[in-house]
Amino acid sequence: QRTAPHTLCIGADGVLYIGSGRYIHAYDGSVGANGTFSSKVLTLPLGFQIVGMKKYQDQLLIAGNYYSISASQGSSGGQAQLYTWNYIDLDISQVISLEDPYVATLFIWQGIPTVITNGIVERNGVNKIKTIAGNTVNKIADFDGTVPIQRGVFIANKIIYINSGGKIITMGDNYNSSRAE
């Protein structure tokens, strides 16, 4: 899909996974003379758009948003969700609601899967930083501004740096409030 973001992640099995719309493709560089590409190793529900993937323990985490099938991309949101997949089965292992209509990014912070979500489709306003433990989602902080785009989050020394429309938001061990600075 040409209009979909193409997220990349090397899985726990050493295979490169490519997210494209609602599909995950795989490239295994260790098989065949030039590697082996496998199309649609996992198909997610119609209307789902992958925004991020991360290796976590023995699972692939897949964050994304549902969009109205008839609406133009990004104009109508629905439910942000996180899927877990074991790399083998033809279906996901677990579905976790991120309790907002929009998820912007997925990252691992202090060994914990973490997302930034927003409660409105326009992606401005109050953004929430949430951690995921098992199937429990916990809001740990919020900040005003725009949600970060892919690669708009950087982690150093346990501190999260977020590019929110050109303004740098930080959150980490040095902060004791539920509001990012």
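Scope of this entry: the structure provided in the associated data block.

### With respect to the pairing of strand 2 (residues 16–20)
And step 1. With four of five residues buried, strand 2 is to be regarded as a mostly interior element.
And step 2. Across five bridges, strand 1 (residues 6–10) lies against strand 2 in antiparallel orientation. Across the sheet, residue His-6 finds its bridge partner in strand 2, namely Ser-20.
And step 3. Between strand 1 and the antiparallel strand that follows it, strand 2, lie five residues; Gly-14 among them carries a positive phi value of about 80 degrees.
And step 4. Where strand 2 lies against strand 3 (residues 23–28), five bridges are found, and the strand directions are antiparallel. Considered in strand 3, the bridge of Ile-18 is made with His-25.
And step 5. Connecting strand 2 to the antiparallel partner strand 3 that follows it, the hairpin turn spans two residues, and Gly-21 within it adopts a positive phi of roughly 65 degrees.

### Describing the sheet that holds strand 2
And step 1. The antiparallel open sheet is built from four strands, whose spatial order is 1-2-3-4. Where the open sheet ends on each side, the last strands, each with one partner, are strand 1 and strand 4 (36–43). Neighbour-to-neighbour, the strand axes of this sheet turn through a mean angle of 25 degrees, independent of strand direction.

### As for the pattern of salt bridges
And step 1. One pass over the structure, following the stated rule, counts three salt bridges.
And step 2. Note that Lys-128 and Asp-100 form a salt bridge whose closest N and O atoms lie 3.1 Å from each other. A residue pair is termed long-range when its members are at least 10 positions apart, and Lys-128 in strand 11 (residues 124–133) and Asp-100 in the loop between strand 8 (94–97) and strand 9 (102–109) qualify at 28 residues. Neither Lys-128 nor Asp-100 differs from the other in exposure class; each is buried.
And step 3. Lys-139 serves as the salt-bridge partner of Asp-142, at 3.1 Å between the closest nitrogen and oxygen.
And step 4. Judged by its relative accessible area of 11%, Asp-142 falls in the buried class.

### Remarks on the nonpolar core
And step 1. Formed by 17 residues in total, the largest nonpolar core has its most connected members in Tyr-17, Ile-24, Leu-44, Met-53, Leu-60 and Ile-62.
And step 2. When contributions to this core are tallied by element, the ones reaching two or more residues are strand 3, strand 5 (48–56), strand 6 (59–67) and strand 7 (77–85).
And step 3. Beyond its immediate sequence surroundings of up to four residues, Met-53 is in contact with Thr-7, Leu-8, Cys-9, Tyr-17, Ile-18, Gly-19, Ile-24, Leu-60, Leu-61, Ile-62 and Leu-106.
And step 4. Formed by twelve residues, the second largest nonpolar core is a distinct cluster that contains Ala-63, Ala-80, Leu-82 and Ile-96.

Criteria and thresholds
Residues numbered from 1 in each chain as written. Predicted model: local features only at pLDDT ≥ 70, side-chain atom pairs only at ≥ 80, totals over all residues. Heavy atoms only, no water. Buried < 20%, exposed > 50% of the residue type's maximum accessible area, 1.4 Å probe, protein only. Helix = DSSP H or I, 4+ residues; strand = E, 2+ residues; numbered from the N terminus. Pairing = 2+ DSSP bridges. Axes fitted to C-alpha atoms, helices over the stretch in contact; angles between N-to-C directions. Salt bridge = Lys/Arg side-chain N within 4 Å of Asp/Glu carboxyl O. Core = buried A, V, L, I, M, F, W, Y, C linked by side-chain atoms within 4.5 Å. Contact = heavy atoms within 4.5 Å.

So, to be careful, I would describe these as geometric facts and stop short of saying anything about function.
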